[in-house]
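Per-entry structural report
Here are the chains, one letter per residue:
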Amino acid sequence: MTLKPIDWTEFENFSLEEFKSSFDSDFYVTPEIDLLILLQKVRSKLKKRIILTDGPRTVTQHIKTYKSLDKRELLSGKKWFEAIPWGSRHLPKFNCGLRAVDLKCTDCVGKDGVTIYLTGEELKDIFRDEAKYMGLYTGIGVGKRYIHLDVDREQDTTWYYSY
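For the structure given in this document, a descriptive report is provided here. (Residues numbered from 1 in each chain as written. Predicted model: local features only at pLDDT ≥ 70, side-chain atom pairs only at ≥ 80, totals over all residues. Heavy atoms only, no water.)

Turning our eyes to something else, we now look at the nonpolar core. With 27 residues, the main nonpolar core has Leu39, Ile50, Leu103, Phe127 and Leu149 as its most contacted residues. Secondary-structure elements contributing two or more residues to this core are helix 1 (33-46), strand 1 (50-54), strand 2 (100-109), helix 4 (120-134), strand 4 (139-142) and strand 5 (147-150). At 5 residues, helix 1 tops the list of elements feeding residues into this core. The residues touching Leu103, leaving out its near neighbours within four places in the chain, are Leu39, Ile50, Ile51, Leu52, Thr53, Leu123, Phe127, Tyr146, Ile147 and Leu149. (Core = buried A, V, L, I, M, F, W, Y, C linked by side-chain atoms within 4.5 Å. Buried < 20%, exposed > 50% of the residue type's maximum accessible area, 1.4 Å probe, protein only. Helix = DSSP H or I, 4+ residues; strand = E, 2+ residues; numbered from the N terminus. Contact = heavy atoms within 4.5 Å.)

Pasting the structure below:
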């Protein structure tokens, strides 16, 4: 993939602001166009808000993420330094845009005012179907109420988180 300029007027539900680091608001990485198109197509079809919960990371931020998961005992017995995926698509790559986001999607707000989210499994199915229609292969990590989504794969890949 090669970084191309994005005409943000074509994406009514997303802006560059949303693709900043959740750790450092001054750290932006423009998303790969295929990722952005997929997000917008799903958003338009669902007519529900898609919330990007994690995007680009520096190496330091990536390490902090895995240290945090280790402290919460969410790494299936591995230590943070054993569990870090150094090929993560959240990390910048030369001449590429952002290749991965973590996201959740609001389903509705209940009568009690509590927001209800689509399940990770529902999101996986929705994004995988749309990506297939677009001719894209995706990597989707499935959590309880969120997914990790990346779009630069040679074949579809799915994995599951315990949280």
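Across the 5 residues that make up strand 1, a large majority, 4, are buried. Sheet topology places strand 1 next to strand 2; 4 bridges connect them, and they run antiparallel. Of the residues in strand 2, the one forming a bridge with Ile50 is Cys105. (Pairing = 2+ DSSP bridges.)

To continue, consider helix 1. Helix length check: helix 1, at 14 residues, gives a terminal C-alpha distance of 20 Å against a target of 20 Å (1.5 Å per residue), a fit within 8%. Those residues of helix 1 hidden inside the fold are in contact with strand 1, strand 2, helix 4 and strand 5. One or two positions beyond helix 1, positive phi appears at Lys47, with a value near 55 degrees. (Expected span 1.5 Å × (residues − 1).)

Here we come to the packing of aromatic side chains. Scanning the model with the defined rule gives 8 aromatic pairs in all. Note on Trp8 and Phe19: the rings are 6.0 Å apart at their centroids and 45 degrees apart in plane angle, and the pair reads as tilted. Of the two residues, Trp8 is situated in the segment before helix 1 and Phe19 in the segment before helix 1; the sequence distance between them amounts to 11 residues. Take Trp8: its relative accessible area is 24%, and that puts it in the partly exposed class. On the numbers, 6.5 Å between centres and 50 degrees between planes, the contact of Phe14 with Phe19 is tilted. (Phe/Tyr/Trp six-rings, centres within 6.5 Å; stacked < 30°, edge-to-face > 60°.)

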